[in-house]
Amino acid sequence: MNQYTAIEKLLLVFLEELINLEKVDLIVCCERKGSGILRALIEELPPPNLDWPWDRVVSTTALSQFDWSKFDGKRILLFDELVHHGRTLERHKKKVLQFAAQGTEVITASYAVWDRCVNPPDYAYYRTVDTETYEQVREEVVSMLQRYGSLLLDTEHIELSIRLQCGVRDFYNELARAAASGNTFSFVSGLGRTNLTINDPDIVSEKDLSRYLTPGSNLHNSIRKCRILERHHDVFSLTPIIYPNTHSVTSKEWMENLPDFIFRDRIKNSEPKDLFFIIGLLTSIELLKGVVSSLSELISDNKIILETPEENFYHLKATFPNIDVHGLCNYVRDAVSKSRRKKARRSRGYVSAGNVKGDRLLSLSARTMCRLIDEVDDHDPNSRFPKGKSWYEILQLVKDSNRDLNPTDSEAKIVPDRLIDGGLLVTTADEVVSAKGEVWVIRTYSPAGEGVSDKIRRQMMIRGSHWLPVT
Amino acid sequence: MGGVNIARTIRLIAKLLMDWCDSQEKKNKFLTAIYFDKLAEFFCRIWDHLFEQGQVRFPSSFRSRQGFHGPGRAIKINRSMEQRLLIGRDPNDYRHHELAYMTEIVEKLKPSLGEARILFNVSDNPPPWDYRCRISHQLEPSLWESWLRETEATDENMTFLTAREHDYLLEISRLICLLDKEEIRAIGTHQSSRITCKNIKFNLRAWFRSFENILQFLQNNANLGRSGDIIVNTAREVLDKSNGNRKYYEDALEIILDNIGPGDLRVAISYIQKPATKIWEDEEVLRFRDSAQDLIDLSIYCRRGLIELGGMPKLKKKWELQESEKSGVRLKDKMSHWNIPFYNYEKIKSLNKALWAMNLYEIKRKVFRYMPIIEDRRELGIDDT
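Read on for an overview of the structure. (Residues numbered from 1 in each chain as written. Chains lettered and ligands numbered in written order. Predicted model: local features only at pLDDT ≥ 70, side-chain atom pairs only at ≥ 80, totals over all residues. Heavy atoms only, no water.)

1. Some thoughts on the pattern of salt bridges
What counts, and what does not: Salt bridge, as applied in this entry: a Lys or Arg side-chain nitrogen positioned within 4 Å of an Asp or Glu carboxyl oxygen. By the criteria applied, helices consist of DSSP H or I runs no shorter than four residues and strands consist of E runs no shorter than two, each listed in order from the N terminus. For every residue, the accessible area (1.4 Å probe, protein chains only) is compared with the maximum for its type, and the residue is labelled buried under 20%, exposed over 50%, or partly exposed between those bounds.
Following the criterion strictly, the structure yields 66 salt bridges over all chains and no others. One salt bridge in this structure joins A:Arg231 and A:Glu44, with 2.7 Å as the shortest N-O distance. Placement of A:Arg231 in strand E10 (residues 224-232) and of A:Glu44 in helix H2 (residues 34-44) is noted, with a sequence separation of 187 residues between them. Assigned by exposure class, A:Arg231 and A:Glu44 land together as buried. For A:Asp378, the salt bridge is made with B:Lys198, and the minimal N-O distance between the two is 2.9 Å. Taken together, the residues A:Asp378 in the loop between helix H14 (358-377) and strand E15 (389-390) and B:Lys198 in helix H8 (residues 193-220) connect one chain to another. For B:Lys198, a relative accessible area of 34% puts it in the partly exposed group. Here the residues in one salt-bridge network are A:Asp374, A:Asp377, A:Asp454, A:Arg457, B:Arg63 and B:Arg65, joined through shared partners.

Structural data, given as structure tokens:
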């Protein structure tokens, strides 16, 4: 990007002025887009960008892991890019105050605030916006994140960079060798970016992966994929994503198996969700190995350049305060270095990448979204299980709401990617208590916020459940 | 357009209520909340199906949502903290919920000023959130006729009803008028075995929640609230849904199908309302039915025991006392087969509460052992049995 668009400039100016005015020491980002925006402002904008160190950023998903002692009596900025009713912001503020020492000041800020907000922040660039403007601003924020590489520009996943010196088709077909036939598809997401999703990539060593699982945790019907996204011309990011169903009980063996970049003494008393994310991170490195192996020939022929720049890891500090980012980077580099020397399991030409056409993907996505909102609204408050849908349930939803289009399993697995990229679907980690009273954490998928859901509900009142403009 | 569609749907429901009330011989022409909700649910179900088949221009504005008495049409409502604080403490008060069902919708949409017409009367006593609340219509036949004559709109979408839609509505209304209110309730509540099982599980989850409260009360002196009444009411709902409603549903569906000619509407109703045998002879429904009486007996026994312990006010009605005696006898007989000790009401007064809690837990396990699993997340690799 050579030039800012309006929203980037305004966000940058707003945050810079606020940080100076309030003499902010620490920024807490409200997930899910807060940290994505911060990353765009710190790392993606060409200079002058936001000059702020990542060790003074923490995500709202990592508050319990953060070392608050360094910020006793300091000034904390809690930032959420959009505030609707204000309940989420208020909840996060209470949580921050729970962890921070007495006397620590928490200032809340947002880029835009809905005019019927009941808990407005202390600072806002747009203090009151009507519903239409709110939706417009939200779309601008989503577009901004899509410009910088989709809503995966977040702080949960490791990311490699790949520079192409070959055609995209060869690159995609080579990546398809990382999974069984019919599992790899390209598609176009928001702002016309080309994407590739490898569903269920091979796990090179089940044994190596399982040492990172707590006792009882499993991969049954859980998400496992690799996303490849064009960030800039001929520069792609490769992001492995895997979230085992996590049984929130550690063992001595599990602790001993943790790599050195994890601060073991701080992990000991982790909350269930913290464990979930750590396990997701560690197992994703194992997942990466198979995908990198599939690219070994392109690498050795210099048709692609695979990089693991340390800058790609800094932002992980916000979500994983209990890891040494430098150590993680070296660990990943080591894993990549070994994997690139191994041969891909499948012969070239044996598998290839398919494509899901834009129109078809839009239809599948639109109906899924309507049905999802219907189901979430019909959620029983007495249920022990979360409102959000598990990966398995989302896929069933895609198929049930699109029977006439008859999506394949792999097409169904791409629909959530499309919806996430469009800012319509968000991912969370939810605790589930089993009948035995044990706590598990699973990955769940929900409609993105009330602003999005309300708009869809209004449209469904007029047009029924099979219509939605997904753009 | 959203507002227009809500107004249209409300008008159609007012028309149905007007026609049904006028067809009844009784002097007091109204429906109480549950029956009104079910009338709306049944109509909206047919109308939405016609919309999906492309036979009407617009869907009903309201989505079907699970509820204590089965599905009902509702919209999501954001209640501010102030509103929640103003609401009474009755957990049955629907205003605690995130959903507003039909009775609350028409209550809230009651116009106070301006040009909008008052289409419904919703009683203040009993209040709108009480299931005995009475809803009557304020629709005048000439007003209805004047709406139908609103054909001068240049945009066809703004026309109230096309001729075809009007015909559908009149036919649906004629069929509903042939039903008594219990038949309306049954056919509004049920449509398929899948939905019936879903709604029974909804009730059972509420039952579990209240039962856990009761155990917490016995073990840790936690707040009992109305858990004793809730388990009895939900158990009765389970029995009604798994068995009691069948006769009314069968009669309702027979009346409708006997009185409807061939055509789109017959096809629609035959599609969405499954025969009673398909619902109540479904294996899962049968398993719920077979355990429902035990569940009621356990619930009534439990409530009576809580009364004896001073956790709840005494029963006032003679039939309730008699019922609790009968339940006790049936349960005692069952428990002797299950090899679980039985404590009569007199004994419970002096029994250690924690011991009785364990006893209740054992009975519950037996009652539920043949029921289908209520919530199963084994697809997640979580052993949830």
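2. Concerning helix H15 (residues 391-400) of chain A
Note on helix geometry: an α-helix contains 3.6 residues per turn, so any two residues three or four positions apart are oriented the same way. Rules: Throughout, a contact is declared for two residues whenever any of their heavy atoms are within 4.5 Å.
Of all the residues in H15(A), the buried ones are A:Trp391, A:Glu393, A:Ile394, A:Leu395, A:Leu397 and A:Val398. Buried residues belonging to H15(A) abut E10, H14, E15, helix H16 (409-421) and strand E17 (439-447) of chain A.

3. Some words on the side chain of B:Ser327
Residue and element names in this part refer to chain B. With respect to the helices and strands, the residue Ser327 is situated in helix H14 (residues 318-338). In this structure Ser327 comes out as buried when scored by relative accessible area, which is 0%. Once residues within four sequence positions are removed from consideration, Ser327 is found in contact with Asp297 and Ile300.

4. With respect to the pairing of strand E1 (residues 26-29) of chain A
Residue and element names in this part refer to chain A. This is how the line gets drawn: When DSSP finds at least two bridges between two strands, those strands are taken to pair. By the criterion used throughout, a crossover qualifies as right-handed when its path from the first strand across the helix to the second strand runs clockwise, the strands pointing away from the viewer.
With burial as the criterion, each face of E1 is covered, one bearing Leu26 and Val28 and the other bearing Ile27 and Cys29. Two strands pair when backbone bridges link them, and E1 and strand E3 (residues 75-79) are joined in this way by 4 bridges, in the parallel orientation. In the strand pairing of E3, Leu26 is matched with Ile76. Bridge analysis of E1 against strand E2 (residues 57-59) gives 3 bridges, and the strand direction is parallel. Its bridge partner being in E2, Ile27 is matched across the sheet by Val57. Handedness of the β-α-β unit built from E1, H2 and E2 comes out right-handed.

5. Observations regarding the sheet that holds strand E14 (residues 354-355) of chain A
Residues and elements named next belong to chain A. Here is the rule we go by: Each axis is a line fitted through C-alpha atoms, taken for helices only over the stretch in contact, and angles between the N-to-C directions span 0 to 180 degrees.
Taken in spatial order, the 7 strands make up an open sheet running E13-E7-E11-E10-E9-E8-E14, and their pairing is mixed. The open sheet has two free edges, formed respectively by strand E13 (304-307) and E14, since each of these has just one partner strand. Helix H5 (residues 168-175) contacts strand E7 (160-164), strand E8 (184-188), strand E9 (194-199), E10, strand E11 (235-242) and E13 of the sheet and is inclined by roughly 15 degrees relative to E9.

6. Considerations on the packing of aromatic side chains
Note the threshold: Aromatic rings from Phe, Tyr and Trp, with only the six-membered ring used for Trp, were paired whenever their centres fell within 6.5 Å, and each pair was classed as stacked if the ring planes differed by under 30 degrees, edge-to-face if by over 60, and tilted otherwise.
One pass over the structure, following the stated rule, counts 29 aromatic pairs over all chains. Ring centres of A:Phe276 and A:Phe277 lie 5.4 Å apart, and the angle between their planes is 75 degrees; this geometry places the pair in the edge-to-face category. Judged by centre distance (5.3 Å) and plane angle (50 degrees), the ring pair of B:Trp207 and B:Phe368 falls under tilted. Of the two residues, B:Trp207 sits in helix H8 while B:Phe368 sits in helix H16 (residues 353-368), which places them 161 residues apart along the sequence.

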